[in-house]
Each structure stands twice: as C-alpha cells, then as structure tokens.
Amino acid sequence: MNPEDPMNNGDDPAGGGRRRELPAEVPVPPRVSHGGTAAGRAGAGTARHGASSLTGRQRLVKGLWPPRLTRAQLIVALLLFVLGLGLAIQVRSTNDSSALRGARQEDLVRILDELDDRTQRLEDEKRRLEDQRTGLENSSDQAEEARRQTVERERQLGILAGTVAAQGPGITLTIHDKKGTVEADMLLDAIQELRAAGAEAIQVNDVRVVASTHLSDATGDGVRVDGRKVAAPYRFKVIGKPQDLEPALNIPGGVVQTLEKEQATVTVARTEKIVVDALRPAKRPDYARSSSQ
C-alpha cells in the first residue's frame with residue numbers, strides 16, 4: 001500500500017498516521033441584493049422596464065403631477081400673487097385718475113381757457129382791491145369814501161352770506177333722477193365745481209347755498225340741504241359768467257358725465273338774468289368778534 005496514496009486510511013499502525021476525514025458540507029444561502037428577494041428583483045426589473053417604456057410627454061406629466069410644493073415655493077408664489085395684484089390696482093387707478101388723457105383736443109382747449117379765465121378773475125379782484133386802497137389814500141374826504149366802500153362791501157358780503165337776494169347772468173342746471181341714484185356727494189361735487197368756476201350765488205330748489213352749507217342723503221329719495229329735504233328734480237340757479245360755468249360742468253369726467261353714468265338726465269341752459277331769491281337769516285356769532293373793536 002502506498003503511503004502517499006490519498007486514499008490511505010492510515011490504519012497501518014506501522015505507518016504512524018492518523019485517519020483523516022473531509023468536513024461536512026455547509027449549505028450556502030443564495031445571494032440577495034439590496035433590492036430584496038429574487039421576486040423583488042424581478043419586480044424592480046419590471047418597474048424599470050415599464051419606466052423606460054414611458055414616452056417623454058408621459059414622464060413630463062408624471063413629474064409635474066401631482067405637484068410637490070415646498071413651503072418656500074408656496075411663500076414665493078403668494079408674494080408674486082400679491083405683487084401682481086398691487087401692480088394691477090396701480091395701473092387701474094392711474095388710468096382712472098387720468099380722465100383727461102382720452103379727451104378730445106377741443107375739450108382740452110376749453111379746459112385751458114377755463115383756467116385762464118380763473119386766473120383773469122383773480123387778477124381783476126386784485127386790481128379792484130388795489131383801486132380801493134388807492135381811492136382811500138387819495139380821497140379828499142376819506143371818511144365818505146370809506147363809508148361808500150363799506151356799504152358796497154356789506155352788499156357783497158350779504159350776497160355771499162345769502163342774506164340778500166341777487167340777480168345777474170348765469171346758468172340753470174336741472175337734474176332729473178328717475179332711478180333715485182343721485183346722492184348727496186354728487187350734488188356737492190356740482191356745487192364745488194360751480195364755485196371753482198366763479199359762481200357768486202347758488203340756489204338749489206328753495207335752499208340758498210352758502211359757505212357753511214352741508215348736504216346729506218335723506219331717508220328714501222331725495223337729499224337734505226342744510227337739514228331741509230330737497231327732492232328731484234334738482235334745480236340749480238347759479239349767478240356767474242355763463243361762458244365759465246357751463247364748460248366747467250361739461251368737462252370730460254366732470255359733473256355731467258358722472259351724473260349721466262348714474263342714469264340721471266342733466267340739462268344746462270345759459271340765461272341772461274338769474275334771480276336767486278332764497279334767503280338765509282342773518283345769525284350773530286356767539287363768540288367771534290371783530291378784531292377792530
């Protein structure tokens with residue numbers, strides 16, 4: 001028996017060898033990837049194959065929907081919305097405030113003429129006051145001249161205060177309000193526009209309009225002028241230069257257009273003689289006294 005034979009069991013005592021045996025077989029588990037089991041690998045492979053089979057448009061839609069928004073993106077979107085809303089409001093208010101931008105050339109010329117007329121009236125008033133001062137300084141009988149000017153001034157102040165009647169050229173403004181949409185602030189705008197155009201005396205129906213006149217909406221239809229209810233149609237009798245008063249009401253975006261937007265009917269007529277005969281009682285002030293006393 002060959003001692004180097006690997007099949008030698010080493011039973012020969014003379015050989016001095018030991019009996020050698022192979023170790024028992026240990027079963028090796030199948031290799032599993034991080035994706036899970038073999039069935040999981042097969043599912044992942046199918047998913048990858050399905051994803052690779054999508055078209056470009058389908059992948060784009062899948063990436064955009066459902067939307068995945070973060071908190072920062074929501075805040076930025078909200079700020080952009082607020083910014084856009086503010087810009088839209090600013091543009092709209094700018095367009096509304098520039099009513100003369102779309103006016104015709106003849107309307108713009110008329111507005112410029114009205115401004116020139118106002119300037120001329122102020123210059124005339126300044127010149128008149130300077131003449132009064134000069135007359136007082138140069139008059140031989142200063143007492144008589146002062147008395148005459150005082151009477152004239154009292155008459156003028158009486159017209160402004162509404163304590164005396166007045167007459168002269170002017171216009172009549174009539175507002176028919178069948179829908180009941182005319183409010184107190186619209187009539188107040190008309191009064192202010194007439195005053196700015198040089199109106200010297202104004203009467204609304206049977207109420208004299210003065211510096212302290214106030215208007216408010218009445219219960220139901222109508223408007224209260226100084227506490228007295230005035231119903232439509234509203235008739236304004238205005239003393240002043242007709243060539244200034246009528247254009248002031250008819251400017252683009254002015255009183256007439258505003259009232260017509262409220263479905264009111266407005267007529268303006270020039271008259272050579274207007275009589276303002278509604279009077280107000282003369283009230284003595286409770287606290288104010290002349291500084292010359």
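Our structure is the block above this text.
Okay, so let's go over this structure. (Residues numbered from 1 in each chain as written. Predicted model: local features only at pLDDT ≥ 70, side-chain atom pairs only at ≥ 80, totals over all residues. Heavy atoms only, no water.)

## Here we look at the pairing of strand 7 (residues 234-239)
Logical step 1: By the bridge criterion, six bridges tie strand 1 (residues 166-176) to strand 7 in an arrangement that is antiparallel. Bridging from a neighbouring strand, Ile175 pairs with Tyr234 of strand 7.
Logical step 2: Taken together, the four bridges between strand 2 (residues 201-204) and strand 7 define a ladder with antiparallel strand orientation. Counterpart to Ala201 in the pairing with strand 7 is Ile239. (Pairing = 2+ DSSP bridges. Helix = DSSP H or I, 4+ residues; strand = E, 2+ residues; numbered from the N terminus.)

## Digging into the sheet that holds strand 1
Logical step 1: Strand order in the open sheet formed by five strands is 3-2-7-1-8, and the pairing between neighbours is antiparallel. Either end of the sheet is taken by a strand with one partner, and the two such strands are strand 3 (207-209) and strand 8 (265-276). Neighbour-to-neighbour, the strand axes of the sheet open up by a mean angle of 20 degrees, direction not taken into account.
Logical step 2: Alignment of strand 1 against strand 8, held across 10 bridges, turns out to be antiparallel. Bridge pairing links Leu173 to Val268 in strand 8.
Logical step 3: The strands that helix 6 (residues 184-196) touches are strand 1, strand 2, strand 3 and strand 7; relative to strand 7, the one it contacts most, it runs at about 10 degrees.
Logical step 4: Of the strands in this sheet, strand 1, strand 7 and strand 8 are in contact with helix 7 (residues 242-249), which crosses strand 1 at around 20 degrees. (Axes fitted to C-alpha atoms, helices over the stretch in contact; angles between N-to-C directions. Contact = heavy atoms within 4.5 Å.)

## Brief notes about the sheet that holds strand 5 (residues 223-225)
Logical step 1: With antiparallel pairing, three strands are arranged side by side in an open sheet as 4-5-6. In the strand order of this sheet, the two ends are held by strand 4 (215-217) and strand 6 (228-230), each with one partner. The mean inter-strand angle of the sheet, taken between neighbouring strand axes irrespective of direction, is 35 degrees.
Logical step 2: Taken strand by strand, helix 6 contacts strand 4 and strand 5, and its axis lies near 155 degrees from that of strand 4.

## Describing a nonpolar patch on the surface
Logical step 1: Side chains of Leu78, Phe81, Val82, Leu85 and Ile89 sit close together on the surface and give an oily, nonpolar patch of about 520 Å² of accessible area.
Logical step 2: Examined against the element boundaries, Phe81 turns out to sit in helix 3 (residues 71-97).
Logical step 3: On the basis of relative accessibility, which here comes to 55%, the residue Phe81 falls in the exposed class. (Patch = residues over 30% accessible without salt bridge, like charges linked within 9 Å, V, L, I, M, F, W, Y side chains within 5 Å. Areas by Shrake-Rupley, 256 points an atom, 1.4 Å probe, with all protein chains shown as cover. Salt bridge = Lys/Arg side-chain N within 4 Å of Asp/Glu carboxyl O. Buried < 20%, exposed > 50% of the residue type's maximum accessible area, 1.4 Å probe, protein only.)

## Points about the nonpolar core
Logical step 1: Formed by 31 residues in total, the largest nonpolar core has its most connected members in Ile175, Leu194, Ile202 and Phe236.
Logical step 2: Mapped onto this core, the elements with two or more residues apiece are strand 1, helix 6, strand 2, strand 3, strand 5, strand 7, helix 7 and helix 8 (255-261).
Logical step 3: It is helix 6 that provides the largest number of residues to this core, a total of six residues.
Logical step 4: With near-sequence residues (within four places) excluded, Ile202 lies in contact with Ile191, Leu194, Arg195, Val207, Arg208, Val209, Phe236, Lys237, Val238 and Val276. (Core = buried A, V, L, I, M, F, W, Y, C linked by side-chain atoms within 4.5 Å.)

Treat this as a map of the structure, not an account of what it does.
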